[in-house]
Every structure is written in C-alpha cells, then in structure tokens.
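Summary of structural features
Residues per chain, in single letters:
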Amino acid sequence: MTDTSLQVDDFNDQALAKIEASTREIGRTIFDRISHRQPTVLERRWWDDRIMSWAMQDESVKVQMFRFIDVLPMLGDSAATIRHLHEYFHEVDRHLPGAVRLGLAVATPHSLAGRALALAARRQAMGHARRFIAGTTSAEVLAAAMRERKLRRGFTLDILGEAVTSEVEADRYLQLYLDLLDQIAPTVNGWPEIPQIDRAGIQELPRVNVSVKLSALDSRFDPIDPEGTTRRVGNRLRTLLRRARQNRAHVHVDMESYQTKDLALTIFRQIMAEDEFRDWPDVGIVIQAYLKDAETDLKDLAEWARRRGTPVWVRLVKGAYWDYETVLAEQLGWPVPVFQQKWRSDANFERLARYLMLNHRWLRPALGSHNIRSLAHGLAAARHLGLPSNSFELQMLYGMGDLEKQVLVDMGYRMRIYMPYGELIPGMAYLVRRLLENTSNDSFLKASFTDLVSPEKLLMNPLDHAAGDGHAPPPVVENAPKPARFSPFKNEPTADFARESQRAAMQRALAQVTEQLGRHYPLWIDGEAVDSSEKQASFDPSLRDRVVGETAAAQAEHVEQAVAAAKAALGPWNALGVNARADFLLRAADAMRRRRFELAAWEVFECGKGWREADADVCEAIDFCEFYARDAVALETPQGVDVPGEENRFLYLPRGVAAVIAPWNFPLAILTGMTTAALVTGNTVVMKPAEQSPVIAAKLMEIFDELGLPPGVLNFLPGKGETAGAGLVKHPDTAVIAFTGSRPVGLAINRQAAEVSAAGIGYVKRVIAELGGKNAIIVDDDADLDEAVLAVVKSAFGYQGQKCSACSRVIVLANVYDVFLQRLVEATRSLQIGEAEDPATSVGPVVDAEAFERVQSYIEIGRREARVALAVDAAKLAERGFFIGPHIFADVPPNSRLAQEEIFGPVLAVIRAADFDEAIRIFNGTDYALTGGMFSRSPANLERAKRELLVGNLYLNRGITGALVGRQPFGGFKMSGIGSKAGGHDYLLQFVLPRTITENTMRRGFAPASASPDE
Ligand SMILES: Cc1cc2nc3c(=O)[nH]c(=O)nc-3n(C[C@H](O)[C@H](O)[C@H](O)COP(=O)(O)OP(=O)(O)OC[C@H]3O[C@@H](n4cnc5c(N)ncnc54)[C@H](O)[C@@H]3O)c2cc1C
C-alpha cells in the first residue's frame, strides 16, 4: 500500500458503495460475536441496576439523581446527605418505587435509618464512579492498566482535575502529570511486549500514553488573547512533552469546548512544529465530528502535518459537550457550532474517518467511539484501502462498551482505553457526564443495551436515517422573506472573540480610533453645533496623560437654550406618532451595529473598559433601542373596555422635557437606554453625560443627528454636574429627570426636584434614580466551588468592580470558608492587570483620579477593619494610569464600613457566616437592595433564597453581573433607587402620563354598536 497524497478528499461513489456493504458486514460480525458472549458480571449488574433503570425511565428522577451524585462529595456527614436526599427526591416522590419512598420517609437526618441510607447512597455512587474512574492513586491506576493489558488493551491516562482557577492550580496539575509519568513509566516500560498493542509494523509504540487538557495548563486560557495563552500554556506543555519523551510516553491533547477549540489547535500546531518536537510522532490531538468546522480543521491539520514532515495521531470522536454547546449558543445568540441532528454527527464521523484512513500517512487514525456502526465504517474504509490493522487504532472509555472492546481485540485490532483517574470531587463531574451520555436517548449504547434496537437498524447508514425520519436537509430557499419589522425581541449577540475575524475587527477599530483621539466636540442644541468658552477634556484612564477628546462644557445659558429648544420640539415630535419615533430607535440600533467595534474602542480608551465589557455595553445600547421601540408601540396600542352607550379609552401622554443625567460606567448603554425610553414615548430630551465619558456620548448624539432627528428633540449638554446637571434638575421646564449614579447625588436630585415642584411649577417632577448597591454572593457549604470561585472573581473584579451590580461582599458558610478563600485569593492573584486596550487584561484602571483616591481610602479602612487576604500591587502601571490591584479582605465584620458602604472598585469583603440563617441576615443587612446571588446545590436553600434574599436582581448559581435587556430587567430598591427596572416592560411607564377618556355615546336612547378599541 503506497501512501495516499493529501489531495484525496474522499472515495468515489463506487468505492463508497463497497465500503457501505463492508461496513454492514463488519458491523454484523461484531454484533454476532457480542451476542455469543455474556456480559461481565459487573457490566450486567450496572445496566440492570435498579437505580439506573428508574433513572432511564423517568427524566425527572434522572435529573434529580444526577444532581444528587454531583453534590455528594461536598456533603460532609450523613445528616447533610439525608437532608439533600430528601430535598432532591421530594419533588419526584411519586415517581419512586414504594420501598424507596418508605425508606426516605423513615430516614431522618440523625436517625440510625438515616445514617444507614446515607452510607448506602454513598456506596452506590462510589460504585458508579469506580465503573468509570480507574482509581484515585497512581498505584490503583497502574493496577487498572495492568488489568487492561492482560486483556490485550492499551491505555491512555487522564488526570481528573477541578477547574483550574489559578496559576498555582495550573502548576499543580502539570506536576501531577510529571509525577505520574515518573511513577508509572519505569514499570510499564518493563512489561513484556504485546505486539497487538505495542507495535505498528516495525515501529514500536509508546506503552505509556497520557491525555491532557490544555485549559488545565493555564488559569487564563482565553481565546481573546491567543499569544499570551499560547506563551503560558506552551511553557508548561513543553515541560510535559520533555518529561514524556524521557519516559518514552505518548501525549495526546484532548478537545474541550468549542470556545477553546481553535486555540487548542493553534497551540498544538505551534509547539509541535518547534525544532525540538518536530520529529516526534508520539503526539496527537482530538477532532470532534459533531462540530460543523471539523472537516476544515482536519484538512488543515493534515496539511500542517505534511509540512511538519512527521505524522501526528488524530483521535476522532463525536464530542462530549453537545448539550453545553447547544445551550450556550442559544443563550448567547451565537450560531450553534454542533450539528443538531444525531445522524449528521454520525455521518460526519464516517466522512472524517474515511479522510483519516486516506491520509493516514500524516494523520494516524484513532477512532474513539462505542458506536459499532461508526467504528465498522472506519474499519471498512481501512479494509478497502488495504491498510494493515496496526496502522490505526480504536479507542474507548474505561467502563463503557466492554463487550465490544473484547470482540474488537479478538478481531485483531489495537484497542486503547481512556482511563481517567483522580479525586472524588472532580471525579463526580466526569461521572455525571458519562451517566448523561449513557442514558441519553441518542446514545448508541443505550439503544443497543437497554432499548434493544435491532442490529439492522443500528447499522443503518446515517444518511438513510436522515431521509427515513424526516430530517432530510431543508431545501435552500432563495430570497427568503425578511423578518417582520417587529419580530420578537432578541438580545444582540456579543462578539465572539474566539474567532480571529472578530479579534481583527476590534484591533482595526482600536487603531482607527487612536487616530481620532484628541478631537473637539461641541454642544448640540436645537439641531445646531454650539460651542462654549469653557472646555473639558476627557482622559484615558489607562494612560492618564492621553486626551481622548475635548468637549465644550455647557454653561447656564446653554441649559436655558437646550430646554427651550426641547420644549418647542415637543408638539411636533409627539405628533409624529409612535411608529415614526420607534423607527428612529430601530435605525439607531442599526447604526450602532454597523459601528459596534468603533464604539467599543471608544469605551476602551475613554472608560478603561476591557474588550468584552466594552462590546457588551454596545450590545446593551442596541438592545435598549430595539426593546423600547417594541414596548412603546405596544404601549400606544389603544386600550379600553367599551359597554353599549359608553366608549372608554386608556392612553398615555408624554411627560414633557426629560433631563437625562448618565453615568460613565456603562457610557453608551445607560445613556442610550434612558434617552431612547424618553424619546420613544414622545418626550424630548436634554442629555447630560458623565464628565468622564463625554466623547462616547458625543458619538451617540452624532448617530441620532445622522438619522435626521428633528431639531430640538435631542440636545447634548456635556459639562460639569454642578452647572449642567444641577441646572437641568432645577429648571422649571424639565418634567422628568432620569438619573443613574451615586446615592448622594441621586438623593440630592430627588430633594431638589421636590423643592422646585413645591415652588409652584404646576406639576410634580418625576425622578427616576438608579443608585448604588452593596451586592453580595452567598457561598453555601454544598456549592460547586469551581463555579463559585470563577463567578465571584468575575463579578467582583470585572471592570474593576465598577459596575452597579459588582459583587463587593461574599458571604461564605463556615464549612467551606477556608478552602473557598484560598482558591479565591489564588484565582484573583492570577488575574492580569494592564491597559484596557490589551485583550490579555483582566483588570484595567479605575476611571479617574477621584475614583483612585476613594478606592485607596477604602483599602486603608479595610486594613484597619479586617484581615488583608490579598493586596495586589499595581506597581509600575500606577505611574501611568489609575491602576489599583485587586484587594480581598477576609473575616470582615458584617457591620464594618467595608461591608456596608459602596466602594466601586476592585475591593472585595469576605464575610464568614456560621450557618445559612446568618448568611441571609448578613446578605440583607445593608441599606441597599440592588443585585445579589447565591451558589448552592440545596433545593431547599435555593427556595429560601428566592423568598428571603431581598434584592432587585437575584442570581442563583451564576455570576451577578451582565444583566440583559428583556431577560434580566435591572434595578433595585431600598437605597438602590427609585424607578422601575431598566430593560423591563414597566420602564417606559415612568416617562408617560396615563389618561382615561370616557364618552357617553347614547343619544336619546340610541347607541351605535360599540367598536373594539383597535378597530
Ligand atoms: C477514547 C475516547 C476519548 C475521548 N476524548 C474526547 C475529547 O477529548 N473531547 C470530547 O469532546 N469528547 C471525547 N470523547 C467523548 C466522546 O465524544 C463521546 O464518548 C462520544 O461522543 C460518544 O459517542 P459514540 O460514538 O460513542 O456514541 P453515539 O451514541 O453514537 O454518539 C453520541 C454522540 O452523538 C452526538 N450527539 C448526540 N445527540 C446529538 C444530536 N441531537 N445532534 C448531533 N449530535 C448529537 C454527541 O457527540 C454524543 O456524545 C472521547 C471518547 C473516547 C471513546
């Protein structure tokens, strides 16, 4: 057999027909041989296990059972275990067999029966774990490897790890691999050779084989920063590769989520092409056939391997994160990267398996599947090419498909077992993934073992399956109709910076905006640019001497002119009707979409926002336009209940001139939200942006002006708060004041507005004021700490803690306090501080000198009131910009200033709670009620949280920032503000006056037939 060149893409039709026939023949042979074997006792016991049978029969029991298994390792004693058993299974009680119900009823947390049940549950879960996890020590895993070898099966070892949240954890993970290699290689390399697994022709294959996840080699594995990530991962990976080579071991790179895929491939290719590793064939990587990109990736890899001059192994799998990828893409509004029908993944696997066999000279095929049809197809392709059976291999997971494994070994194929090993806690996450896979309705193993689907059906060509079940690809319709103007509201998808094209677009925008820094921006009054003798400059917080732009600063006379213009524009603007006004918003949204990277770049420079934060802010601004446009049209749809002889109309009037006084922390979104809400409901607006972000506001003004907004409808008054802001608040002709900002300013506005109203302007000014927060996250003692640590770090230090929703207190239950604190500190220490412009930055500067001073003063207070757990020095950076490293204070007294006052910076207070009751008291024990959250896996505590944690936005088991328009309308109560939630359906009501008009239509006993209001 000569090597096939890379140009060969697939077989011709004739060959494909032969391969298809051969696939069925091989498949039938495998099934036939399996049917003549008895499952091992262990295997049968597992599938027959009553608990598994219930789980598979009833989706609700399955969900609860897997959740219970997931939390089990975190439960300290039998009382906690029983409590969780009750909580989890209470909801699905009626689906459980009588004996189990009875058992649960008598097993109270401290009873003997309770202890017995807790023990039994733990044993059962451990039994399941042992089926899929090869051991917890290297000695155990060596014994497991030995058992596999006795069955003529090779192995690849995977160390189960917790999510790597810090550099310390990344180092530890690497060390585990180095130790493992040193511990097992001398023994394994000394075992007698088994040619079936240790040889490929004359070539000797490594007996030691490890599988590694690149994301575990770096705490900031982030595709937004490919160079930095590659550098850090590369350093650790090289160490691992060298040790593997010394130990004659093979290293295989696993594939994880789609977000990390491109970067994993890039790192793999880059490192393996280095001179030191270029000639080494004992390396490989995974390709996931469920990805739509897989074929392109595989072909690129083949081309790369050819250039490299030494082949690599490719483990072809379907992919283990199908549900995750589907849900995540739907949540983010991104294209779903995985096929949505199982047959498509199966068909792609087959196509890629053929490609691998054709190009085995450069890509050594390792087919990882338990699906007999999928494997048989790969084997058929190899047979068609006349490839010897040792030029490729088959791989399966430890504990799955044991009967198949042995049949395939007996047929002479090389079989390698993927053996995870490690601690119980990370082990449970792995176990749950395997349980889900095995009990999924789409699983081949379930279909063949429990659903007893016939071999003929299981061996069907996936493409025939497609036609048979009505899932044939839909015909392409040219010129499909465009969505209606008011299609249902959808959040604008944020940029996916894992994609090279989006990173490049952002880089280009940053370069373009850099060219435009330092320009002058006038006021905008009555459709005209107006200048002022006073100017104000806006600076880049990352480089405090860099001027982003200069704006005219509004004076008292400008306030007068702007309000007068807005007042004069009211009538015609209102007369335009809601549809025309809504159109402006939709067109503004389109303009922002077109300029999204440019707008985001301005935010990077003017407010020190990182790429993702800046991009999300632009998306939120677009969302406000789209959402309020729809809501306003709905609001103005005529309403009213008519009875014979009486017509009732319920409608809204605009309030008048709105003063919009906006903050700098969401410089485009909040300004756009308040402004468009006022405009679309028929009010006219004077915009007063924050002193720190006038240039971005000027861009918004520019967008509306370019759309041809009538003069006077929107006026732009950058300037000092004391002049422009206070002037607008006190002006007798501003009817509504929409403010977002600090508590003292908001309360002052409220008071002044009341005073002006009392002085007889003829109406009561309406104040909408979104103020501060002292947001907390509770970490319960059964929480998933991997998730809690990452979410707290992001919520507390994302945008340097300068979001209204930022987490500034974390309340941790005593049982997990120390371990959580330690991981939190290490994770935070691993964040990179830097200029906002650099995509690698996780913590940028605070917004200005005043913020810098204020945050520093709280750090001093913290030093007096609590224990410093982490104080990151911003070092040299602080000489150039307003940089403050993240600070974490531990053992913070709940009533201290640090735990009570809003800081608005990268400072986090960690508070210990003796029990859940105390955690709730601490959570609610501040003046504020804005956002908050909790990490817990106790259904009862989650229910209590919903009832008792008093905040406007409560988030359970996720971070507490990033509220989305429509999905998480934002705003709080107590001292966090007065006003309905932004991005919610009540919001527009604050800008209008409701009216009812009733007309008696009866004349001398005669009434016309009543018409419905919308006719
Ligand atoms: C040795 C080995 C190593 C592995 N390493 C990795 C790895 O590094 N990364 C990784 O992601 N996975 C890895 N896997 C896991 C592997 O992806 C799953 O075990 C595999 O997907 C199950 O596929 P199957 O062919 O055995 O079973 P099947 O039952 O034929 O296929 C199930 C698979 O089909 C796909 N699927 C399910 N429903 C749908 C649907 N509605 N539409 C489209 N596709 C669907 C999913 O990928 C699902 O896992 C590995 C597997 C093995 C055997």
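Predicted, not measured: the structure shown is a model, and the values here were computed from it. (Residues numbered from 1 in each chain as written. Predicted model: local features only at pLDDT ≥ 70, side-chain atom pairs only at ≥ 80, totals over all residues. Heavy atoms only, no water.)

**Focus: the overall build of the protein chain**
Along its length, the protein chain carries 37 helices and 32 strands. In terms of overall size, the protein chain behaves like a compact globule, its C-alpha atoms giving a radius of gyration of 32 Å where 1015 residues would be expected to give roughly 31 Å. Each of the three principal axes of the protein chain carries a C-alpha extent, and together these read 100 × 75 × 70 Å. With the model as given, the accessible surface of the protein chain reaches about 40,300 Å², and the carbon-plus-sulfur share is 54%. (Helix = DSSP H or I, 4+ residues; strand = E, 2+ residues; numbered from the N terminus. Rg over C-alpha atoms; globule rule 2.2 N^0.38 Å. Areas by Shrake-Rupley, 256 points an atom, 1.4 Å probe, with all protein chains shown as cover.)

**Quick notes on the sheet that holds strand β11 (residues 519-521)**
Overall, mixed pairing links the 3 strands, which are arranged β11-β15-β14 in an open sheet. Edge positions in the sheet fall to β11 and β14 (535-540), since each of these pairs with one other strand and no more. Direction aside, neighbouring strands of the sheet carry axes that sit 35 degrees apart on average. Both β14 and strand β15 (residues 543-552) contribute to a ladder of 6 bridges, which runs antiparallel. Considered in β15, the bridge of A537 is made with E550. In this fold helix α25 (residues 596-607) packs onto β11, β14 and β15, with an angle of close to 95 degrees to the strand it touches most, β14. (Pairing = 2+ DSSP bridges. Axes fitted to C-alpha atoms, helices over the stretch in contact; angles between N-to-C directions. Contact = heavy atoms within 4.5 Å.)

**Side note on the site of the ligand**
Close to the ligand lie 30 residues; G319, S345, S369, E437 and F444 are nearest. A320 is positioned such that a nitrogen or oxygen atom in its backbone is 2.8 Å from an oxygen atom of the ligand. At a separation of 2.8 Å, an oxygen atom of the ligand approaches a polar side-chain atom of N371. When the ligand sits alone it has 930 Å² of accessible area, and the protein chains cover 93% of it. For the shell around the ligand, the per-class residue count stands at 12 nonpolar, 11 polar and 7 charged. (Near = heavy atom within 4 Å. Polar contact = N/O pair within 3.5 Å; in protein donor to acceptor, adjacent residues only side chain to side chain. Nonpolar A, V, L, I, M, F, W, Y, C, P; charged D, E, K, R; others polar.)

**Points about the pattern of salt bridges**
Evaluated as defined, the whole model comprises 75 salt bridges. For D198, the salt bridge is made with R207, and the minimal N-O distance between the two is 3.4 Å. Each member of the pair D198 and R207 is classed as buried. The salt bridge partner of E303 is R307, with a shortest N-O separation of 3.7 Å. Here R307 and E303 lie together in helix α13 (residues 294-308), a separation of 4 residues that amounts to about one turn. Exposure remark for R307: the relative accessible area of 55% places this residue in the exposed category. (Salt bridge = Lys/Arg side-chain N within 4 Å of Asp/Glu carboxyl O. Buried < 20%, exposed > 50% of the residue type's maximum accessible area, 1.4 Å probe, protein only.)

**Let's talk about the packing of helix α27 (residues 669-680) against helix α28 (residues 694-706)**
At a minimum axis separation of 11 Å, α27 and α28 run at an interaxial angle of 35 degrees. The interaxial crossing formed by α27 with α28 has right-handed handedness. On α28, the residues touching L671, T672, T676 and L679 of α27 are A697, L700 and F704. Among the residues forming the contact of α27 with α28, the class breakdown is 5 nonpolar, 2 polar and no charged. (Left-handed = near helix turned anticlockwise from the far one by under 90°.)

**Structural notes on the side chain of K699**
Of note, K699 is situated in helix α28. Engagement of the side chain of K699 in a polar contact is seen with the side chain of Y521, the distance being 3.4 Å. Dropping the residues within four chain positions of it, K699 is found in contact with Q516, Y521, R595, E598, L599 and W602.

**Structural notes on the packing of aromatic side chains**
This model, assessed by the stated rule, comprises 18 aromatic pairs. When the ring of Y987 is compared with that of F991, the centres are 5.5 Å apart and the planes differ by 55 degrees; the resulting orientation is tilted. Neither Y987 nor F991 differs from the other in exposure class; each is buried. An aromatic cluster is defined as three or more aromatic residues linked by ring pairs; in this entry it consists of F489, F624, F627, Y628, Y987 and F991. Across the ring face of W362, the terminal group of R361 is positioned such that the distance to the ring centre comes to 3.9 Å. Geometry around Y817 places R912 over its ring, the cationic atom sitting 3.9 Å from the centre. (Phe/Tyr/Trp six-rings, centres within 6.5 Å; stacked < 30°, edge-to-face > 60°. Lys NZ or Arg CZ within 6 Å of the ring centre and 35° of its normal.)

**Here we look at the sheet that holds strand β22 (residues 775-779)**
An order of β24-β25-β26-β23-β22-β28-β29 is seen for the 7 strands of this open sheet, with the pairing classed as mixed. Since the sheet does not close on itself, it has two edges, and those belong to β24 (867-871) and β29 (953-956), each with one partner. Geometrically, the sheet is characterised by an average inter-axis angle of 20 degrees between neighbouring strands, direction not taken into account. The sheet contact formed by strand β28 (residues 931-935) and β29 spans 4 bridges and is parallel. Bridge pairing in β29 links M934 to L956.

**Overview of the nonpolar core**
In terms of nonpolar packing, the biggest core is built from 121 residues, with M592, Y628, I778 and I811 touching the most fellow members. By residue number, the principal contributor to this core is helix α26 (residues 611-635), which donates 13 residues. For Y628, the residues in contact, after removing those within four places along its chain, are L585, G673, T676, A677, V680, A982, G983, G984, Y987 and L988. Counting 110 residues, the second-largest nonpolar core is a separate cluster that includes L180, V188, L356 and L394. (Core = buried A, V, L, I, M, F, W, Y, C linked by side-chain atoms within 4.5 Å.)

**Here's the deal with the confidence of the model for the protein chain**
Averaged over all residues, the pLDDT of the protein chain is 93; the fraction at 70 or higher stands at 95%. Low pLDDT, under 50, characterises residues 475-483; the predicted model gives this stretch 0 contacts beyond four residues in sequence or across chains. (pLDDT = per-residue confidence, 0-100.)

**A few points about the pairing of β29**
Residues N953 and Y955 of β29 are buried on one face, while the alternating residues L954 and L956, pointing to the opposite face, are not. Each parallel crossover has a hand, and for β28 linked through helix α37 (residues 939-948) to β29 it is right-handed. (Right-handed = clockwise from strand over helix to strand, strands pointing away.)

**A few points about the packing of helix α36 (residues 916-924) against α37**
Viewed as axis vectors pointing N to C, α36 and α37 meet at an angle of 25 degrees, and their least axial separation amounts to 11 Å. Comparing their axes, α37 and α36 come out roughly parallel. Handedness of the α36/α37 crossing: right-handed. Only N941, R944 and E948 of α37 make contact with α36, whose side of the interface consists of F916, D917, I920 and N924. Partitioned by chemical class, the residues of the contact of α36 with α37 number 2 nonpolar, 2 polar and 3 charged. (Parallel < 35°, antiparallel > 145°, perpendicular 65-115°, else oblique.)

**Considering unusual backbone geometry**
Even without being a glycine, D891 presents a positive backbone phi close to 55 degrees. Positive phi, normally seen in glycine, also occurs at N957, with a value near 55 degrees. As for its placement among the helices and strands, N957 is situated in the loop between β29 and β30 (973-974).

**Topic: the environment of A580**
Checked against the element boundaries, A580 lands in helix α24 (residues 578-594). When its relative accessible area of 27% is taken as the criterion, A580 is described as partly exposed. Sequence spacing of A580 and V633 is 53 residues, and the spatial spacing of their C-alpha atoms is 9.9 Å.

**So, the environment of S805**
Mapped onto the elements of the fold, S805 is located in the loop between α31 (785-797) and β23 (807-813). Judged by relative accessible area, which is 6%, S805 ranks as buried. Sequence separation between S805 and G772 is 33 residues; the distance between their C-alpha atoms is 8.4 Å. Setting aside its immediate chain neighbours within four residues, S805 contacts N775, T931, I960, T961, G962 and F970.

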